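The residues making up each chain are set out below.
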Amino acid sequence: MVFSLKFTGRNIISIEDFSRKEINYILQVSRNMEPIASKGSDILKRKILATLFFEPSTRTRLSFEAAMLKLGGSTIGFADADITSVKKGENLSDTIRTIENYADIIALRHPLEGSAKLAAEFSRVPILNAGSGAEEHPTQALMDLYTIQKEKGRIDGLKIALVGDLRYGRTVHSLACALSLFDIELYLISPESLRMRKGVVDSIKNQVSITEDKNLDKIIPQIDVLYITRIQKERFPDPAEYSKVKGVYKIDLKTISSGKNDLILLHPLPRLDEIASEVDDTPQAKYFQQVWNGIVVRMALLFLVLGA
Ligand code: CP
């Protein structure tokens, strides 16, 4: 695959479409966005972002919209496809071929794997994958990398554990692929039924050291970054299978105290009970900083893709 540092007009569908050099560049531009995120700008004045969310979201949709507004642009879109003509049976390709007339760029969240790729095939304007089923969430992976780099000062040399629902979790699929471009040790911690997808492991196993385990307590003392995810009830085909793994990992003050002093704890959110609220005020808890970082990374992506 040939990679370039040209971002203008590009779709952001899969994290696998990006080289390490390109990711580093996005992280650099994101850093440059920090002061602009506080002050505002009109760099994207007259540009319109459409957010098409066929699945629930708080952070991704609102941070894309906030990012666009902070850069001087405008937003249109929907957060519930049931109030659109999708309810009357309109398909995704016709929806995209309609919205491309109204917007310069589209952020799409859809329950089907492959949906962002399909949308990009029909769209004249760039598509940003804001979550495609259980498959990928590439912009989340970029903000996760940005958070790790900002908090730890580097990504190379770290021991990073992805914990929880590694089978259905789109954030961990994209993040594992992104991390494989760096010199890290990756720990994949999950119940047997929620192990990381074979396709993801196969695609990265020659690039990065991987340890798969069920036991979180055993690896906590060794790691620098703990990235825990929600067990996603809505993605289980069988509710009985969900009941077996519900609440399997819980981070509390005792867990934190068994880790390194400079361990950082990340979560893409929303959380259920996998992180006790008593952890929120510890120096290790970085998941709300991660939310802020979503703004600057998405500002950088809008800026780069719209060629500002
Ligand atoms: N992290 C994430 O994708 O959150 P939302 O589902 O709230 O967008």
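Here the structure is a predicted model, which means the values were calculated and not measured.

Asks: Tell me about the site of the ligand, residues and numbers included.
Replies: As a matter of local geometry, the ligand sits amid Ser57, Thr58, Arg59, Thr60, Arg109, His137, Gln140, Pro268 and Leu269. At 3.0 Å from a nitrogen atom of the ligand is found a side-chain nitrogen or oxygen belonging to Gln140. Take Leu269: an N or O atom from its main chain is 3.1 Å from a nitrogen atom of the ligand. Burial of the ligand by the surrounding chains reaches 91%, relative to a free accessible area of 260 Å². Comparing atom positions with the cavity grids shows the ligand to sit within the largest pocket. Classifying every residue of the shell around the ligand by side-chain character gives two nonpolar, five polar and two charged. Looking at the shell around the ligand, you find at least three residues from each of domain 1 (15–136 + 292–305) and domain 2 (138–289).

Asks: Could you give an account of the sheet that holds strand 3 (residues 105–110), naming the residues involved and the relevant values?
Replies: Reading across from one edge, 2-1-3-4 is the order of the four strands in this open sheet, with parallel pairing throughout. Single-partner strands in this sheet number two, and they are strand 2 (74–78) and strand 4 (127–132). Each neighbouring strand pair of the sheet contributes to a mean axis angle of 15 degrees, computed without reference to strand direction. Pairing geometry for strand 1 (residues 48–53) and strand 3, over five bridges, is parallel. Each residue of the ladder has a partner; that of Phe53, found in strand 3, is Arg109.

Asks: For unusual backbone geometry, give the residues involved together with the corresponding values.
Replies: Cis rather than trans, the peptide bond between Leu269 and Pro270 has omega equal to 5 degrees. Even without a glycine there, the phi angle at Arg46 is positive, about 75 degrees. Relative to the elements of secondary structure, Arg46 occurs in the loop between helix 1 (20–39) and strand 1. On the accessibility criterion, Arg46 (71% relative accessible area) is exposed. Positive phi is not limited to glycine here, since Leu269 has a value of about 65 degrees. According to the relative accessible area criterion, Leu269 is buried, its value standing at 11%.

Asks: Give me the sheet that holds strand 6 (residues 185–189): which residues, what numbers.
Replies: Read across the sheet, five strands follow the order 7-6-5-8-9 without closing on themselves; strand pairing throughout is parallel. Only two strands of the sheet have a single neighbouring strand rather than two, namely strand 7 (209–213) and strand 9 (264–266). Within this sheet the neighbouring strands show an average axis-to-axis angle of 20 degrees, counted without direction. Both strand 8 (residues 225–228) and strand 9 contribute to a ladder of three bridges, which runs parallel. Paired with Leu226 across the two strands is Leu265, which belongs to strand 9. In the packing of helix 5 (residues 138–152) onto the sheet, contacts are made with strand 5 (159–163), strand 8 and strand 9, and the angle to strand 9 comes to roughly 165 degrees. In the packing of helix 6 (residues 170–179) onto the sheet, the strands contacted are strand 5, strand 6 and strand 8, and the crossing angle to strand 5 comes to about 160 degrees.

Reading the values: the criteria
Residues numbered from 1 in each chain as written. Predicted model: local features only at pLDDT ≥ 70, side-chain atom pairs only at ≥ 80, totals over all residues. Heavy atoms only, no water. Near = heavy atom within 4 Å. Polar contact = N/O pair within 3.5 Å; in protein donor to acceptor, adjacent residues only side chain to side chain. Areas by Shrake-Rupley, 256 points an atom, 1.4 Å probe, with all protein chains shown as cover. 1 Å grid on protein atoms, 1.4 Å probe; cavity = no way out; pocket = protein on both sides within 12 Å on 5 of 7 lines; lining within 4 Å. Sits in = over half its atoms within 2 Å of the grid points. Nonpolar A, V, L, I, M, F, W, Y, C, P; charged D, E, K, R; others polar. Domains from an automatic or database assignment. Pairing = 2+ DSSP bridges. Helix = DSSP H or I, 4+ residues; strand = E, 2+ residues; numbered from the N terminus. Axes fitted to C-alpha atoms, helices over the stretch in contact; angles between N-to-C directions. Buried < 20%, exposed > 50% of the residue type's maximum accessible area, 1.4 Å probe, protein only. Contact = heavy atoms within 4.5 Å.

So far we have only geometry, and geometry alone does not tell us how the molecule works.
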